[in-house]
Amino acid sequence: MATTRIGTHINAPRGTVYRVLVDIEAIRVWMVPEGMVSEVHRFEPEEGGVFSITIARAETADAETPVPLHRAYYGRFLTLVPDERVMESLEFVTDMPDMAGEQTITFVLTDADGGTDLEVLHEGVPPGMTLAANDVRWQYALGKIAALAERGTVG
């Protein structure tokens, strides 16, 4: 299992960025790879709370693209410190051994340059996902998190 560490600066207060990380409507937007849509089945943003999400290929996606028709994962919130930290564990629902196993994702928010620095530590990246591919997915997600927070479009 490998680790990805990535971060970005967001021109929004920590409180707004934190809400993007724990708001169900925001999750539906930013936690989805390009060409996919999501359905959040369960979402309890509290320590010990659980979540369950399915991601499916968007109807407009190119059928020739090597993206699975759907993916599902579930997990729980390990730590929630408002405006500072979100730590969660998750596992894919899969019959592919190289994608199985627990992963931990930690989001750390700090004040910086009139906005927020957001750092993501993704531990336990399964061997079936290259670090390069994981990095690209996180760059895409961080861009969507920044856009939501900077527009202030959080529920």
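None of the values given here were measured: they were computed from a predicted structure. Along each chain, the written sequence defines residue order, and numbers are assigned to residues from 1. Local features in this predicted model are restricted to residues of pLDDT 70 or higher, and side-chain atom pairs are both shown and tallied only at a pLDDT of 80 or more, whereas totals for entire chains, interfaces and linings draw on every residue. Side-chain calculation: all heavy atoms of the structure are included, whereas hydrogens and water are not.

(A) How the structure looks around the pattern of salt bridges. Counted as salt bridges are all cases of a side-chain nitrogen of Lys or Arg within 4 Å of a carboxyl oxygen of Asp or Glu. This model, assessed by the stated rule, comprises 5 salt bridges. Between Arg28 and Glu25 there is a salt bridge, with its nearest N and O atoms 2.4 Å apart. Taken as a pair, Arg28 and Glu25 lie in helix H2 (residues 24-30) at a separation of 3 residues, close to a single helical turn. Linking Arg42 and Glu44 is a salt bridge whose minimum nitrogen-to-oxygen distance equals 2.9 Å. Counting from the N terminus, the helices are the DSSP runs of H or I reaching at least four residues and the strands are the DSSP runs of E reaching at least two.

(B) How the structure looks around the pairing of strand E2 (residues 36-43). Of the pairings in the sheet, the one linking E2 to strand E3 (residues 50-57) comprises 7 bridges and is antiparallel in character. Opposite Arg42, over in E3, you have Ser52 as the bridge partner. The criterion for strand pairing is that DSSP finds at least two bridges linking the strands in question. Connecting the antiparallel pair E2 and E3 is a turn made up of 6 residues, with Gly48 showing a positive phi of about 85°.

(C) Quick look at the packing of helix H1 (residues 14-22) against helix H3 (residues 131-151). Axes, fitted as lines to C-alpha atoms, cover a helix only where it is in contact. Angles between the N-to-C directions of the axes lie from 0 to 180 degrees. Where H1 meets H3, the closest approach of the two axes is 9 Å, and the angle between their N-to-C directions is 125°. With respect to H3, the axis of H1 lies oblique. H1 and H3 meet at a crossing whose hand is right-handed. Listed contacts from H3 to Thr16, Val17, Val20 and Leu21 of H1 are Ile145, Leu148 and Ala149. Orientation labels follow simple angle bins: below 35 degrees gives roughly parallel, above 145 gives roughly antiparallel, 65 to 115 gives roughly perpendicular, and whatever is left gives oblique. The sense of a crossing depends on the near helix, which, turned anticlockwise from the far helix by less than a right angle, makes the crossing left-handed and, turned clockwise, makes it right-handed. The contact criterion used throughout is that any non-hydrogen atoms of two residues lie within 4.5 Å.

Taken by themselves, the reported measurements are silent on function.
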